[in-house]
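# Per-entry structural report
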Amino acid sequence: MNCERYIRPATLHDVGAIMPVITAAKQTMRRNGNTHQWADGYPSAAAIECDISSSGGYVISERAEIIGYFAMLPSPEPTYDVIYNGEWLNDSLPYLVIHRIAGLPGRRGILHDIIRFAASHCPNIRIDTHRDNIIMQHCLQKEGFTHCGIILLANGDERLAYQKLFS
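Notes on the structure in this doc start here. Not measured: the values here are computed from a predicted model.

Next up on the list: helix H3 (residues 110–119). Burial of H3 is extensive: seven of the 10 residues sit out of reach of the surface. Of the positions making up H3, those classed as buried are Ile 110, Leu 111, Asp 113, Ile 114, Ile 115, Phe 117 and Ala 118. Looking at the buried positions of H3, the neighbouring elements they touch are strand S1 (5–9), strand S2 (57–62), strand S3 (65–74), strand S4 (96–103), strand S5 (124–129) and helix H4 (134–142).

Written as structure tokens, this is what we have:
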């Protein structure tokens, strides 16, 4: 992790600083052709508060400024029970799921820091992303994730599913 960066559990007091990071991430998505992911007010402050209440919300800070947010949740993830057009690299080990990754524009390496942090907690990481989120797909491939197939969200929307096993 960047020596100036720190990852810590988010608190409810952080929500006011997290939401502008979410907004900035949405703007980056839109500028890069990803017009459907994170629509209709998602993720809302209530969703972030739910992550925090379940001890799954984390912030990335740099010089005391919150520059990133993510949720890191333990398995099982119900939407990962069925995968189409492929298979998980390993379907028997416990895993962590990373959701709602957001960072301020121009702050490079946020995903790398998140993955290193998650891997220090569990050697089996799963992430999904929207088909239009080309930036995230590129970053996941760069981080050594394998595209495993397609999963369906509870509302029926499809997502590209990725997994990485650390030894």
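Attention now goes to the pairing of strand S7 (residues 158–165). Of all the eight residues making up S7, six are buried; the element is thus mostly covered by neighbouring parts of the structure. One ladder, built from six bridges, connects S5 with S7; its direction is antiparallel. Each residue of the ladder has a partner; that of Thr 129, found in S7, is Leu 160. When strand S6 (residues 146–152) meets S7, the two strands line up antiparallel, connected through six bridges. Opposite Ile 151, over in S7, you have Arg 159 as the bridge partner. Between the antiparallel neighbours S6 and S7 lie five residues, among them Gly 156 with a positive phi of about 95 degrees.

Rules behind the numbers
- Residues numbered from 1 in each chain as written.
- Predicted model: local features only at pLDDT ≥ 70, side-chain atom pairs only at ≥ 80, totals over all residues.
- Heavy atoms only, no water.
- Buried < 20%, exposed > 50% of the residue type's maximum accessible area, 1.4 Å probe, protein only.
- Helix = DSSP H or I, 4+ residues; strand = E, 2+ residues; numbered from the N terminus.
- Contact = heavy atoms within 4.5 Å.
- Pairing = 2+ DSSP bridges.

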